[in-house]
Each structure stands twice: as C-alpha cells, then as structure tokens.
Amino acid sequence: PVAMGAGFGAGLGLALASSAFIGGSFVLKKKGLLRLCGRARAGQGGHAYLREWLWWAGLLCMGVGEAANFAAYAFAPATLVTPLGALSVLVSAVLSSIFLNEQLNVHGKIGCILSILGSTVMVIHAPQEEEVSSLESMAEKLKDPGFIVFAVCVLVSSLLLIFVAGPRYGQSNVLVYVLVCSAIGSLSVSCVKGLGIALKELFSGKPVLKEPLGWVLLVCLVICISIQINYLNKALDIFNTSVVTPIYYVLFTTAVMMCSAILFKEWQHMVLDNIIGSISGFLTIVSGIFLLHAFRDMPFTPNLLPLFLQPGRADRHQSCQHQPLLPSEEKGSHSAQEEEEEEE
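Keep in mind the model is a prediction, meaning the values are calculated, not measured. Residue indices begin from 1 for each chain and proceed along its sequence in written order. Note on the predicted model: pLDDT of at least 70 is required for a residue's local features to be given, and 80 or more for side-chain atom pairs to be given and counted; whole-chain, interface and lining totals, by contrast, use all residues. To obtain the side-chain values, all non-hydrogen atoms of the structure were used and water was disregarded.

Details of the overall build of the protein chain
For step 1, the next point in the chain: Only DSSP runs of H or I covering at least 4 residues are called helices, and only runs of E covering at least 2 are called strands; the numbering of each starts at the N terminus. When you go through the protein chain residue by residue, the secondary structure sums to 13 helices and zero strands.
For step 2, the next point in the chain: Counted from the first residue to the last, the protein chain has its helices and strands arranged as α-α-α-α-α-α-α-α-α-α-α-α-α.
For step 3, the next point in the chain: For the protein chain, the residues scored as buried account for 41% of the 344 residues in total.
For step 4, the next point in the chain: Note on contacts: a residue pair is in contact if any heavy atoms of the two residues lie within 4.5 Å. Nonlocal contacts in the protein chain, meaning residues at least 24 apart in sequence, comprise 79% of its contacts between residues at least 6 apart. Only protein chains enter the accessibility calculation, which uses a 1.4 Å probe; a residue whose area is less than 20% of its type maximum is buried, one above 50% is exposed, and one in between is partly exposed.

Quick look at the structure:
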C-alpha cells in the first residue's frame, strides 16, 4: 500500500487547492470582462478590464493556483499531481453554471462525476515515488541512461514535428502542435520537480544558489514553457478549444506519467492492484474530460430521451405497449382476405 505520509498529504492538498484556485480564476476574470458594458472589450483590442477589480482578483487566484501547483510537485509524485489538474476544468464548469448562468448539460454533469471518481481512484492508488530529497540525488537520476534516452527521443521527435510535420500538416492535423506541447511539457514537469526540491533545500538553509544544477533547471524550464505556450496558442488559434483541450490533457498527462516512471521509478515498487487502479483512474478522468468538453455546446432536451423516460409520456408508452398491433376490424378483414386467397 501507498505510504500516506505528511509530505504526500501536503502535496495532495496543494494539488487540490491549485485546481480550486485556477478553476475559480477563470470565472472571476470572465465575470470582470462581462462588466465592461459600453467600454472596449478585450476581444476588440481594448484594455478596460485592467480597471476591473474582479479581473485582477481572477489573475491573483491564477497566480496562487500556479504557485500551489508548483509546490505540489515538491511533495507528491508527478503522476498524481498532473492528472489532478483536470479538476480545475471541473471547478470552472460548476462555478460557471452557478455564477455565469452557463448551462451544464447532462453530458457535462456526467463528465464532472467521472472526473471526481477518477481522481479519487488515482489518489487511493497513487504511486510512491523513489525518495528524492536533494539536488545531488536529482542529478544522479538525470544521469540515468533510461532518462537520457527518453529525453533525446523527446527532443528529436519535437524537432521533427516543428520543422518537418509542422509546415506540412500543422494547419490540418490537431495532433502536430499538441504533441509538441505534450512532449516538451513532460520535460518541464521534471524541471519543476527539481526546482521544488531546490526551494525546499533553500528554505532549510542549504547553499542551493551555488549549485549549478538549479540554474540549469531554471533555464530549461523557461525554454520548455516558452515552447509550450507558443505551440499551444497555435493549436488553439487553428482548431476548436473543445477539441484541443481534451487531446492536450490526455497526451500531456500520458507523457508526464511516462517521464516520471522513467526518471523517478514511481512504478517500480507498486503492486499490480495499484498499477491497475492508477491506470483505471486516469482513463476515468479522461472519459470525464471528454464528455465535459466534446459535448459542451450540444443541447440536450428531454425529447432525446427514450419514450419511457420522457416526462408526461410514460403513461402513453405503457398504454401503447398493451395495444394490439392491428385494430380488430382490420385484423378481421385481413383474415377474411387470406381465406379467400386460399380458396382461390
């Protein structure tokens, strides 16, 4: 069983708090933008939203959420923290239906329930990563041949996608730019993990600023995030958000889980039950996110339900079940016609 220590609990709490703050930030910023009546909207190139305190509150919540997410990687496995980021989508959808009067259809509600169930399963079966308590141990793991091969494969495939597949298929295939974001994102999470360990050592009084590895991780993180933002914006500019978001979540989380399994050996000491539980929880979250996004703009009326589930039509359905297939008169005339044909 997974050891639910104080560090694991702190990481779990920070990940959940991050999802709550980030999800709420979208609603606050949207609420602030809606208050710009008669003034230049952001979509029209205006900057009147800078004078709305709600928009600034949303930006502050976003910053707090990202900081909590950054800190969560220092305490909990990345395989747990990254999938829990899907809860921010759930929080945003629920709060939007309450405060912004945005309709959450049946598919969205089912998606929310599935996301909660999947997250619960992942927390119960979360892997306990190999202990990494210092930058020295982090440096040893970065020298592991398995991770070096993985990093080289990520960089080579990303370069091929950017310079070969991008000019040819980037405008027509959503996977090209999303794969770049996901692959580079797996390396950025590893950098965040290392910087989180460096900050823990810094607060404990160790001379971390003299270690070159911390600065190397910081530079790599800035480069990775810049590439992610660039190509994610390209994907969102070309394709629909409801298509890009679930695909990006699935590919990004899968890449992070693979990278963490190789770098931190998170799956090495797990029993089969926890492995199956983690994979099942992740697939359940994926299903929930897909339902929440793919059918977000699809109206769902009672007329689409089966007849026996539609309100006010259940009695009618039951009465129809007891009716004969043919009326008695038509049935009698039909049998008489058959007898005449047999006589002929």
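Structure's up, so let's keep going.
Looking at the nonpolar core
One broad rule of soluble globular proteins: the nonpolar side chains tend to lie buried together.
For step 1, the next point in the chain: Definition used in this section: a nonpolar core is a set of buried Ala, Val, Leu, Ile, Met, Phe, Trp, Tyr and Cys residues joined via side-chain atoms within 4.5 Å. The biggest cluster of nonpolar side chains holds 57 residues, and the ones touching the most others in it are L80, L84 and L187.
For step 2, the next point in the chain: In terms of residue count, helix 8 (residues 175-203) provides more of this core than any other element does, 14 residues in total.
For step 3, the next point in the chain: Each of domain 1 (7-129) and domain 2 (131-265) contributes no fewer than three residues to this core.
For step 4, the next point in the chain: When sequence neighbours within four positions are dropped, the list of residues in contact with L84 reads L12, A15, L16, S19, S119 and V123. Segment limits for the domains were obtained from an automatic or database-derived domain assignment.

Structural notes on helix 9 (residues 212-238)
For step 1, the next point in the chain: Relative to the 39 Å expected for 27 residues at 1.5 Å per residue, helix 9 spans 40 Å between its end C-alpha atoms, a close match to the ideal helical length.
For step 2, the next point in the chain: If you check which residues of helix 9 are buried, you get L213, G214, L217, L221, C224, Q228, Y231 and A235. What a helix should span is 1.5 Å times the count of its residues minus one.

Some details on the state of the cysteines
For step 1, the next point in the chain: When two cysteine sulfur atoms lie within 2.5 Å, the pair is treated as a disulfide. For the structure on display, the rule yields zero disulfides.
For step 2, the next point in the chain: Here C191 stays unpaired: no disulfide links it, and the sulfur of C220, its closest cysteine neighbor, is 5.0 Å away.
For step 3, the next point in the chain: Owing to a relative accessible area of 8%, C191 belongs among the buried residues under this scheme.

Focus: the packing of aromatic side chains
For step 1, the next point in the chain: Stacked, tilted and edge-to-face are the three classes applied to pairs of Phe, Tyr and Trp rings, where Trp contributes its six-membered ring and a pair requires centres within 6.5 Å; stacked means planes under 30 degrees apart, edge-to-face means over 60, and tilted covers the rest. Per the stated rule, a full pass over the model turns up two aromatic pairs.
For step 2, the next point in the chain: Seen from their ring centres, Y177 and Y231 are 5.6 Å apart, and the 40 degrees between their planes marks the pair as tilted. Taken together, the residues Y177 in helix 8 and Y231 in helix 9 connect sequence positions 54 residues apart.
For step 3, the next point in the chain: A ring pair is formed by Y248 and F252, whose centres lie 5.5 Å apart and whose planes are at 20 degrees; its orientation type is stacked. A residue pair is termed a helical-turn pair when its members lie 3 or 4 positions apart in one helix, as Y248 and F252 do in helix 10 (residues 241-263) at four residues.
For step 4, the next point in the chain: Whether a charge sits over a ring depends on NZ of Lys or CZ of Arg being within 6 Å of the ring centre and within 35 degrees of the ring normal. Positioned above the aromatic ring of F264 is the side chain of K193, whose terminal nitrogen or guanidinium carbon lies 5.9 Å from the ring centre.

A word on the packing of helix 6 (residues 135-142) against helix 9
For step 1, the next point in the chain: Closest axis-to-axis distance for the helix 6/helix 9 pair is 10 Å, and the angle between their directions is 60 degrees. Between helix 6 and helix 9, the angle is such that the two are oblique. Along this stretch, helix 6 crosses helix 9, giving a crossing that reads as left-handed. Here helix 6 contributes L135, A139 and L142 to the contact with helix 9, which in turn contributes L213, G214 and L217.
For step 2, the next point in the chain: Partitioning the contact of helix 6 with helix 9 into residue classes produces five nonpolar, one polar and no charged. Lines fitted to C-alpha atoms define the axes, with helix axes restricted to the stretch in contact, and inter-axis angles between N-to-C directions lie between 0 and 180 degrees. In what follows, roughly perpendicular refers to angles from 65 to 115 degrees, roughly parallel to angles under 35, roughly antiparallel to angles over 145, and oblique to any angle outside these ranges. Here a crossing is called left-handed whenever its near helix is offset anticlockwise from the far helix by less than a right angle, and right-handed whenever the offset is clockwise. Polar here means any residue other than Ala, Val, Leu, Ile, Met, Phe, Trp, Tyr, Cys and Pro, which are nonpolar, and Asp, Glu, Lys and Arg, which are charged; Gly is therefore polar.

What about helix 6?
For step 1, the next point in the chain: For helix 6, the set of buried residues is L135, M138 and K141. Down the axis of helix 6, the sector holding all buried residues measures 115 degrees, keeping them to one side. The outward face of helix 6, more than 90 degrees from its buried face, is lined by the exposed residues E136 and E140. The directions from the helix axis to the C-beta atoms are what the arc is built from.

Digging into the confidence of the model for the protein chain
For step 1, the next point in the chain: Averaged over every residue, the pLDDT of the protein chain is 78; the share at 70 or more is 78%.
For step 2, the next point in the chain: Predictor confidence is given residue by residue as pLDDT, running from a minimum of 0 to a maximum of 100. Looking across the protein chain, the model is least confident in helix 12 (residues 314-322), with a mean pLDDT of 52, and most confident in helix 7 (residues 145-169), with 92.
For step 3, the next point in the chain: Within the model, pLDDT remains below 50 along residues 40-45, and this stretch shows eight contacts once partners closer than five positions in the same chain are excluded.

Focus: a nonpolar patch on the surface
For step 1, the next point in the chain: Each patch is assembled from residues with relative accessible area greater than 30% and no salt bridge, linking like charges that lie within 9 Å and nonpolar side chains (Val, Leu, Ile, Met, Phe, Trp, Tyr) that lie within 5 Å. For accessible areas, the Shrake-Rupley method is used with a probe of radius 1.4 Å. Any residue's cover is judged against the shown protein chains and nothing else. By salt bridge we mean one thing: a side-chain nitrogen of Lys or Arg within 4 Å of a carboxyl oxygen of Asp or Glu. A grouping of I148, V152, V156, L159, L160, F163 and V164 is seen on the molecular surface, where their side chains present a nonpolar patch of about 650 Å² in accessible area.
For step 2, the next point in the chain: Tracing the sequence through the fold places V156 in helix 7.
For step 3, the next point in the chain: Taking relative accessible area as the criterion, V156 reaches 45% and is therefore assigned partly exposed.

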